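These are the residues of each chain, in order.
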Amino acid sequence: MQSRSAPNLSRMIGRKIRSLAGIYRAKDAWPQGVTSFTFDDFPKSALAAGGSILERHGARGTYYVASKLAKSEGAVGRLFDLEDIAAAHNNGHEIGCHTYTHLRCSEAEKSSLIGEVRANAAALSSVIKGFAPKNFAYPYGAVSPLAKRVLKPYFSSCRGIRPGLNEGTLDLSELLANSVYAATFDEARMRSLVDQSCAVGGWLIFYTHDVCETPSAYGCTPEQWEAIVAYTAKRTTVLPVRDVLAGLGL
């Protein structure tokens with residue numbers, strides 16, 4: 001008679017073999033799925049409002065930073081300052097990496113890409129002593145085969161903006177992510193994505209920019225963010241990108 005531990009042992013062995021082959025699946029660690037909430041460019045409202053909402057639900061997010069843009073004003077409002085980076089980190093959120101100047105990766109040469117991510121890492125380590133970002137998001141979602149190859153050795157993952165659910169074998173060079181924008185906000189569709197992720201053991205990633213009452217075209221309202229965060233936190237595990245990958249041994 002097969003012991004009760006045999007299926008678990010079999011799954012562990014299979015997971016180990018896949019990891020040795022560089023094959024990672026979210027459902028190996030989260031059979032009921034997992035979700036990450038991410039912010040691009042780090043507007044101040046993304047922490048003040050977006051981060052506070054996550055924290056109220058016992059969750060943390062990932063903030064992708066282009067350090068050259070600190071204290072600047074852009075289409076998504078006032079961007080982060082150095083104190084915001086430290087505060088997010090100290091509150092358990094993940095600080096991720098954009099390019100230093102928000103360079104569009106699809107148009108960059110190898111030397112420029114390497115220089116940009118190294119400069120960004122250096123700037124972030126000056127704020128958080130000894131820190132090195134482990135995960136990247138392509139500014140504008142602009143990706144190319146060259147950018148994928150060049151950035152792969154520097155990061156555990158790179159996230160794009162192509163929508164969908166990360167299921168089956170993960171493409172860590174361009175993780176799929178789904179926008180949360182005020183103009184296209186569809187709570188029923190987002191809930192359906194969460195439910196689908198739970199059913200198949202997938203990794204669902206959401207992203208936005210600013211979170212305020214009068215958001216930019218690239219942001220959402222606090223009420224919209226609250227709605228999807230609250231539903232997701234009730235249905236499944238919510239983790240920063242960093243912690244999802246740590247659970248997969250990365």
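What counts and how
Residues numbered from 1 in each chain as written. Predicted model: local features only at pLDDT ≥ 70, side-chain atom pairs only at ≥ 80, totals over all residues. Heavy atoms only, no water. Salt bridge = Lys/Arg side-chain N within 4 Å of Asp/Glu carboxyl O. Helix = DSSP H or I, 4+ residues; strand = E, 2+ residues; numbered from the N terminus. Buried < 20%, exposed > 50% of the residue type's maximum accessible area, 1.4 Å probe, protein only. Pairing = 2+ DSSP bridges. Axes fitted to C-alpha atoms, helices over the stretch in contact; angles between N-to-C directions. Parallel < 35°, antiparallel > 145°, perpendicular 65-115°, else oblique. Left-handed = near helix turned anticlockwise from the far one by under 90°. Contact = heavy atoms within 4.5 Å. Nonpolar A, V, L, I, M, F, W, Y, C, P; charged D, E, K, R; others polar.

Digging into the pattern of salt bridges
Counted under the stated rule, the structure contains 12 salt bridges. The partner of arginine 25 in a salt bridge is aspartate 28, with the nearest N and O atoms 2.9 Å apart. In this structure, lysine 44 and aspartate 81 form a salt bridge, with 3.0 Å as the shortest nitrogen-oxygen distance. Placement of lysine 44 in helix α3 (residues 44-56) and of aspartate 81 in the loop between β4 (77-78) and α4 (82-90) is noted, with a sequence separation of 37 residues between them. The buried category is assigned to aspartate 81, whose relative accessible area is 18%. Taken together, the shared-partner salt bridges connect Lys148, Arg162, Asp171 and Glu174 into one network.

Quick word on the pairing of strand β1 (residues 34-40)
In terms of burial, β1 is largely enclosed, as seven of its seven residues are buried. Neither face of β1 is open: one carries Val34, Ser36, Thr38 and Asp40, the other Thr35, Phe37 and Phe39, and all of them are buried. In the sheet, β1 pairs with strand β10 (residues 237-238) via two bridges, with the strands oriented parallel. Looking at β10, one finds that threonine 35 is bridged to valine 238. Across three bridges, the pairing between β1 and strand β2 (residues 62-65) is parallel.

Structural notes on the packing of α3 against helix α8 (residues 222-235)
Across the interface, α3 lies against α8 with an axial gap of 10 Å and an inter-helix angle of 30°. When the axes of α3 and α8 are compared, the pair comes out roughly parallel. Crossing of α3 over α8 shows right-handed handedness. Contact residues: α3 offers Gly50, Ile53, Leu54 and Arg56, while α8 offers Pro222, Trp225, Glu226 and Val229. Of the residues that constitute the contact of α3 with α8, the class distribution is five nonpolar, one polar and two charged.

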